[in-house]
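Letter by letter, the chains look like this.
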Amino acid sequence: MIIINFIVNLNQLFQIKYTINLPCFTDNHAMSIELVLILTLVALFTGMLGIAILPERFRAAWVIFIVLLNSILTAIPSVSAFGGHTQSGSFFLSHFPGIEIKIAIDKLSAWFILIINFTSVNGILFGRGYLKSYKHLTTNLDLHWIFYMLFHISMVWVCMIDHGIVFLVAWELMSISSLFLVIFEYQNRETLKAGLNYMVQMHLSVVFLSAGILWIYAESGSFSLAALSTIDTHGNGIWIIILLFIGFAIKAGFLPFHTWLPHAHPAAPSHVSGVMSGVIVKLGIYGIFRIIAGINHNWLIIGEILLSISVISALYGIMNAAVKYDFKRALAFCTVENIGIIGMAMGLGLIGIGLENPGLIFLGFSGALLHVLNHSLFKSLLFFGAGSVYQQTHTRNIEKLGGLINYMPVTAVLFLIGALSIGGLPPFNGFVSEFLIYNGLVSGMLSVKGISDIILLVLSTIGLVLVGGISILTFTKMFGVIFLGNSRSEFRHKPVESSFSMLLPQFLIVTVMLSIGLFPKFYLALVSQIVSDSCPGPLLPAHAVVYPSYEVLSSIGRVSAIFIILIGVVILFKYTVTKKRAVKTCETWGCGYVKPVAKAQYTGRSFARTFGNLMGTVIKEKKNYQRIEQSQVYPEVRSFSTSYFDIIEKYLVMPLVRRFNHVLNYFQFVQNGKIQSYVIYGLFFILIIFMGSLLNFIH
Amino acid sequence: MLSFSIIITVSIFFMGIVVRTKSLASGRKGPGVMQPIKDIIRLLRKGAVFSTTTSYIFRIAPSIYLASILMAILMLPHGNLPGFISFGGDFVMFAYILGMGKFMMIIASLDTGSSFEGMGASREALFSMLIEPAFFIVMGSLALFTGHTSFYDIFSTLHFGSHISYLIGTLAAFVLVFVAMIENSRMPVDDPKTHLELTMIHEVMVLDNSGFDLGMILYATPLKFVMYGTLIANFFIGELPLQWSIPVFFIIQFVFAVTIGIIESFSARFRMSHNPQFIFILTSVSLLIFFGVLLVLGKFI
């Protein structure tokens, strides 16, 4: 039976193969996009085969090679998409719904593909060094390598494919492969739990997406996401947008759906968290960009809603990041913040479309796209730095760290650069995109009509300013407590600087970051092409839009350059003046105490405590301790611990999950562990489908 | 550059005037106007003591702090003359460049591994975060009022319309005076003359700095005051020709310094836990400016 089935399947596969419209080389392009897709598949399978064949010590290098190969393969059409036309092609599968599977790389996809490639290559370069200490876990490592290749290429596929069902397949491949990357240390219960949490939430996202895509098909008869624009979003069509938005928002981590991030990121190995936070959440943003392109009504109100959700996400994310002790968890919350900032920019762009204000459209969308790039850079840099720290100290609790700048000077500088740019401080890249968003907010204020819109924009400005301020608080705390001062606990072994192979990707990232900070004009030119290419609604010619912001951005680059020079001049001046002066070293001033202890240092908790108390309604602290009873006369060993928890998870998500569990318990008999009954379920299902089509319920 | 040079000139006398006002108010004769700058010069000529715990962050931070303030000052216009660099939305960059300096000072104080300096750092981070919205709302309202987004355009077109702009300028000046006080950790929120580390903000952050570095940090205070004073002066200078605008600028700075001296003499420091409330009051005053602007523009529909 099984064999027959297999043969039938093979036969079908064969048929499909024959109907594939093989890439035609008569086209002007050097390499057609279908060929690229097939080649990536081939490279992927070769890569997997290589893991099986090659001896252990070559496997990491092999994976780097494959990821690099796939990156170059997919970068070529992306770059030429930027050069001119959209690269598109299609496969024809006769037995597949929709028959034609379109694949296309337009400028928007190209932008995301290039970001994915850069971050993934950096991730694997870092990961090779990072995973060296897990050499003994051969099985884990092999699985990790295989899924990393799949993870990278499936993300690229997500950006290439323009066919709902295949898109969902690629989306699912991406989610599952990243799940396996997250649960690298699956022997650890906590990690497994975080992985399950991640898996469940990702599948919720798929449920919403499938519903949305099928609805589009039902309305328009096409599986393309672009078909959304043919559906009137005035009436029922708005629900499609809501469904798709929720699906993508779960991936991106907008506010009520962010709860997977703070669990998955600390559990995953650092390079995986870097890549996940850097790009996988951005694919949610990519999806939202695609939906936005299909909206044809109600831009203003959708923009206002998106802006409001995003401001709240940003504030909530950074407030929680400020008080966390686990630095990777804090970085995860910080991702929520940055997704919020990106969402704010997109909301502004939508408001711009609603107001028919090309300047605002441009500022909003280009700010969002540029922040996508910026965040992928500095967040992966910070996660890599955090990974180096974790590798050397084996703790993620900042209260046990300190003084690492003496042991790991290069990592410290790189982390500091990441911290400065994530706080949006010039001369680094984070400022460029935040500046565009600020400009968008102000120009929105100048152009909106109603009082409510103006107030919304002012509140958003206050939100963004506060986010900037709190992120300074968060990252001074994180950098100061991890790297500066004295170490707060004994390290098992003396931390040493990471190897060059781990530092190299960080240097690459910093180079790109500085280039954005100093030459923002170049990147804006790229982004402006995307905006004028794939922006919906009425848009004026691109050059008229771009001009004023262009000049402004080159001024930013100039100011940043002058600022760097000025800093150099001041330092040089100080150096030449004080060169010959007497310099004494002595203990830190301790109010007269001459024997300071490291434990007396200001801790991360105390640094953020005033802030935590001030924001007490949002940031709740849980204290674990036993009260002293009156009968307890004699002293005994006691423990006291505090932690901040996520109120949305505790008061919104968990109660909902419990309710669901309660209901679903009644259906537990379905999962009884007997294969026979599962076969019967399958039979029932087929029967239902059969009866349905027989009785004309299903067409 | 004219703006930059007169700001530097004023900054030399500024603290002297503040100190003189304070001593006169408390019935003393007080030191000469040049005394604070002489102190700073003396510090600049001294050697330095560094803590053994500190790293190079501690040594470069004061330079970056001073550079950030100088850079911010370079962006300020003087009435009709634009600053060294002027572009749409430059007030955002102005605030963020100052933020860069602040960031470095905060981590420098954490670098000492002291049990007090982190306290100051934490408060500095918190209060400067809380005060930032006030500045942005004031600048945003003025941008809304004039329809421009750069310092130069805002200030040079502020008084083209009705004279209500002077009222808005006065309210904005009120906000900026207190922003300057808070940014410099002066009286209502912090007492620079206090003797207990536990109650300080800015002073406790720089406990370990000495010599040239301390000189730079101390000089940053008058620079920052004059920087905010310049913004205040710009609310009123507007389109005045240079022969009028420069004396007006000096007078406004003088009045600003005297005001600071008077505020410092006749007010007590708040309890640390009351500071956020005070800062929120400033934010609400700036919101008042914003609604005033909306009213003037007839946007209340």
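Conventions adopted
- Residues numbered from 1 in each chain as written.
- Chains lettered and ligands numbered in written order.
- Predicted model: local features only at pLDDT ≥ 70, side-chain atom pairs only at ≥ 80, totals over all residues.
- Heavy atoms only, no water.
- Helix = DSSP H or I, 4+ residues; strand = E, 2+ residues; numbered from the N terminus.
- Rg over C-alpha atoms; globule rule 2.2 N^0.38 Å.
- Buried < 20%, exposed > 50% of the residue type's maximum accessible area, 1.4 Å probe, protein only.
- Contact = heavy atoms within 4.5 Å.
- Areas by Shrake-Rupley, 256 points an atom, 1.4 Å probe, with all protein chains shown as cover.
- Lys, Arg positive; Asp, Glu negative; His and termini not counted.
- Charge placed at Lys NZ, Arg CZ, Asp CG, Glu CD.
- Buried area = accessible area lost by both parts, 1.4 Å probe.
- Salt bridge = Lys/Arg side-chain N within 4 Å of Asp/Glu carboxyl O.
- Polar contact = N/O pair within 3.5 Å; in protein donor to acceptor, adjacent residues only side chain to side chain.
- Nonpolar A, V, L, I, M, F, W, Y, C, P; charged D, E, K, R; others polar.
- Core = buried A, V, L, I, M, F, W, Y, C linked by side-chain atoms within 4.5 Å.
- Domains from an automatic or database assignment.
- Expected span 1.5 Å × (residues − 1).
- Axes fitted to C-alpha atoms, helices over the stretch in contact; angles between N-to-C directions.
- Parallel < 35°, antiparallel > 145°, perpendicular 65-115°, else oblique.
- Left-handed = near helix turned anticlockwise from the far one by under 90°.

When you go through chain A residue by residue, the secondary structure sums to 22 helices and 5 strands. Computed over its C-alpha atoms, the radius of gyration of chain A comes to 27 Å, within 12% of the 27 Å expected for a compact globule of 699 residues. Along the longest, intermediate and shortest principal axes, the C-alpha atoms of chain A span 90 × 65 × 55 Å. Counting all 699 residues of chain A, 56% fall into the buried class. By sequence separation, contacts in chain A at least 24 residues apart represent 78% of the contacts at least 6 residues apart. Here chain A has roughly 30,300 Å² of accessible surface; of this, 67% comes from carbon and sulfur atoms. In chain A, 44 side chains carry a positive charge and 29 a negative one; their mean positions are 13 Å apart.

Okay, the interface of chain B and chain A next. Quoted interface sizes are often the accessible area lost when the parts come together. Facing 75 residues of chain B, the contacting portion of chain A comprises 76 residues. Carbon and sulfur atoms supply 77% of the area that chain B and chain A bury against each other, a total of about 6,600 Å² over both sides. When residues of chain B are sorted by the area they lose upon contact with chain A, B:Tyr96, B:Phe103 and B:Met129 head the list and together hold 12% of the total. The closest approach of N and O atoms between B:Asp213 and A:Lys574, which form a salt bridge, is 2.9 Å. Our enumeration of links across chain B and chain A arrives at 16 residue pairs in polar contact (both at pLDDT 80 or more). Ranked by the residues each element gives to the side of chain B that touches chain A, the list is headed by helix α5 (residues 117-146) of chain B, at 15 residues. Each residue belonging to the side of chain B that touches chain A can be placed in one class, and the counts come to 47 nonpolar, 18 polar and 10 charged.

Let us now look at the nonpolar core. By size, the foremost hydrophobic cluster in this structure holds 331 residues, and its most contacted members are A:Trp111, A:Phe112, A:Leu244, A:Ile285, A:Phe611, B:Phe14 and B:Phe103. If near-sequence neighbours (up to four positions away) are discounted, A:Phe112 is found in contact with A:Cys159, A:Lys282, A:Ile285, A:Tyr286, A:Phe289, A:Leu369 and A:Val372. Of all hydrophobic cores here, the second largest spans 6 residues; its members include A:Leu255, A:Phe645, A:Ile648 and A:Val653.

Attention now goes to the pattern of salt bridges. Residue and element names in this part refer to chain B. With the rule as written, the count across this model stands at 10 salt bridges over all chains. Among the salt bridges present, the one from Glu-132 reaches Lys-102, with a minimum N-O distance of 3.9 Å. Of this pair, Glu-132 sits in helix α5 while Lys-102 sits in helix α4 (residues 90-111), and the two are 30 residues apart along the sequence. Each member of the pair Glu-132 and Lys-102 is classed as buried. A salt bridge links Lys-102 to Glu-183; its shortest N-O distance comes to 3.3 Å.

So, about the domain arrangement of chain A. Segmentation of chain A into domains returns domain 1 (298-575) and domain 2 (662-699). With centres defined by C-alpha atoms, the gap from domain 1 of chain A to domain 2 of chain A works out at 49 Å.

A few words now on helix α2 (residues 33-53) of chain A. With 21 residues, α2(A) extends 30 Å between its outermost C-alpha atoms, agreeing within 8% with the 30 Å of an ideal straight helix rising 1.5 Å per residue. On its buried face, α2(A) sits against α3 (56-83), β1 (87-92), β2 (100-105) and α5 (138-160) of chain A.

This brings us to the packing of helix α9 (residues 211-237) of chain B against helix α10 (residues 242-266) of chain B. Residue and element names in this part refer to chain B. Close contact between α9 and α10 brings their axes to 9 Å; oriented N to C, the two are set at 125°. With respect to α10, the element α9 is oriented oblique. As α9 packs across α10, the resulting crossing turns out to be right-handed. Across the interface between the two elements, Phe-225, Val-226, Gly-229, Thr-230, Ile-232, Ala-233, Phe-236 and Ile-237 from α9 touch Ser-245, Val-248, Phe-249, Ile-252, Gln-253, Phe-256 and Ile-260 from α10. A class-by-class count of the residues in the contact of α9 with α10 yields 11 nonpolar, 4 polar and no charged.

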